[in-house]
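What follows is the residue order along each chain.
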Amino acid sequence: MNIQNPPRRGNGAEPRGRKPRRTPKGRQVDPKALAEVQALLTDRSRRRDLLIEHLHLIQDKYGYISGAHLAALAAEMRLAQAEVYEVATFYAHFDVVKEGESAPPPVTVRVCDSLSCAMAGAERLLNDLPKALGPNVRVVRAPCMGACDRAPVCAVGHVQAMQATAASVAKLARPDTHAHAIAPGTDFERYVADGGYRLLRAALDGKRTRDELIKLVSDAGLRGLGGAGFPTGRKWALVRAELSPRLMAVNADEGEPGTFKDRYYLERDPHRFIEGMLIGAFVVEAAEAYL
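The notes below deal with the structure included here. All residue numbers here refer to positions counted from 1 along the written sequence of the relevant chain. Where local features are concerned, this predicted model is filtered to residues with pLDDT of at least 70; where side-chain atom pairs are given and counted, the filter is 80 or more; whole-chain, interface and lining totals use all residues. The side-chain figures draw on all heavy atoms in the structure; neither hydrogens nor water molecules are used.

## Observations regarding the packing of aromatic side chains
- Whether two aromatic rings pair depends on their centres lying within 6.5 Å, for rings of Phe, Tyr and Trp, where Trp uses its six-membered ring; planes under 30 degrees apart make the pair stacked, over 60 edge-to-face, and the rest tilted. Following the criterion strictly, the structure yields four aromatic pairs and no others.
- With a centroid separation of 5.0 Å and 85 degrees between ring planes, the pair formed by phenylalanine 90 and tyrosine 91 is classed as edge-to-face.
- The rule is simple: take the accessible area with a 1.4 Å probe, protein chains only, and divide by the maximum for that residue type; under 20% is buried, over 50% is exposed, in between is partly exposed. Since its relative accessible area comes to 64%, phenylalanine 90 is described here as exposed.
- By relative accessible area, which is 36% here, tyrosine 91 ends up partly exposed.
- For the pair tyrosine 191 and tyrosine 197, a centre-to-centre distance of 5.1 Å together with 80 degrees between the ring planes defines the contact as edge-to-face. Taken individually, tyrosine 191 and tyrosine 197 each receive the classification buried, so the pair is uniform in this respect.
- Through pairs of rings, three or more aromatic residues link up here, namely Phe90, Tyr91 and Phe94.
- Our definition puts a charge over a ring when NZ of Lys or CZ of Arg is within 6 Å of the ring centre and also within 35 degrees of the ring normal. A cation over an aromatic ring shows up here: arginine 210 above the ring of phenylalanine 282, its NZ or CZ 4.1 Å from the ring centre.

This is the structure we're talking about:
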């Protein structure tokens, strides 16, 4: 068999590799945008799990997130620009402005158009608000805001107008509208006085074993309500059987129309959620837990 080698290029020398790039791949970092991002972050941690919080800082400061700010934030956090862009464009509250696009007006009103709000008059609001608020306010559709019991709902920034009308939204439609923390119905002192955190303390002190806690939730018939109704005790046992490290995340984002029970309890009895989360993390031996 006659096997011929491929011809050499040029003067017979082997093809050389490509020269290394002089600049990183993707959009180049603008020094002004980088300085602005650094001024916002100050001494905050650049951990990757804080990406959403840092995006909110930019959005709240400028009213939108420019492509230059995205590139600067990626460089500052040592993340790929594509990763930062994907997160920023996934959430409705972030307004990403690409190069060549115009920035949005200083105020944006988001009108929930999920089933509950649509039945309560959201379409009428979408029609009336642009005329009532004028050209300096942008009115856009938004997905479920988890307040179906008080539909229709609109949001200016992080402030929600429940059972919204054109008049009530007009009072909020200002650039200086900011949300304030809700005082819980049951605070830490009240929760502890009523016996809160005792079970968690007993577990941490070795007075309750992980197997005992799994049996408790199994005997109680506790199940997930995400559709499958999977037994919680069985789920904890399966997670414990997996190799470590293990992490625990509690999804409190109610994005399904008609669901608002998590918000109701988180606002009124948050420490019950926190204790339950920590007990679950203890049972499955999770190194970290996120809410």
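Moving on from the coordinates now.
## A word on helix α11 (residues 232-240)
- Residues of α11 that are buried: Thr232, Gly233 and Trp236. Projected onto a plane normal to the axis of α11, the buried residues spread over an arc of 100 degrees and lie on a single side.
- The contact criterion used is simple: two residues touch if any of their non-hydrogen atoms lie within 4.5 Å. Strands here mean DSSP runs of E at least two residues long; helices mean DSSP runs of H or I at least four residues long; both are numbered from the N terminus. The inward-facing, buried residues of α11 abut α10 (210-219) and α13 (270-283). Taking the helix axis as origin, the arc is that swept by the directions to the C-beta atoms.

## Examining the side chain of glutamate 36
- Along the chain, the position of glutamate 36 falls in helix α1 (residues 31-41).
- The term polar contact refers here to a pair of N or O atoms within 3.5 Å; inside protein, the definition further demands a hydrogen-donor-capable atom paired with an acceptor-capable atom, and it admits residues adjacent in sequence only when both atoms are side-chain atoms. Side-chain polar atoms of glutamate 36 contact the side chain of histidine 69, separated by 2.7 Å.
- Once residues within four sequence positions are removed from consideration, glutamate 36 is found in contact with Tyr62 and His69.

## So, the nonpolar core
- One finds Val109, Val111, Leu129, Leu133, Val139, Cys154 and Val169 to be the most contacted residues of the largest nonpolar core, which totals 24 residues.
- Elements that contribute at least two residues to this core include exactly β3 (107-112), α6 (122-133), β4 (137-142) and β5 (154-156).
- Setting aside chain neighbours within four positions, we find valine 139 in contact with Val109, Val111, Leu126, Leu129, Pro130 and Leu133.
- Leu40, Leu79, Val84 and Phe94 belong to the second largest nonpolar core, which has 18 residues in total. The set of buried Ala, Val, Leu, Ile, Met, Phe, Trp, Tyr and Cys residues whose side-chain atoms join them within 4.5 Å is what this entry labels a nonpolar core.

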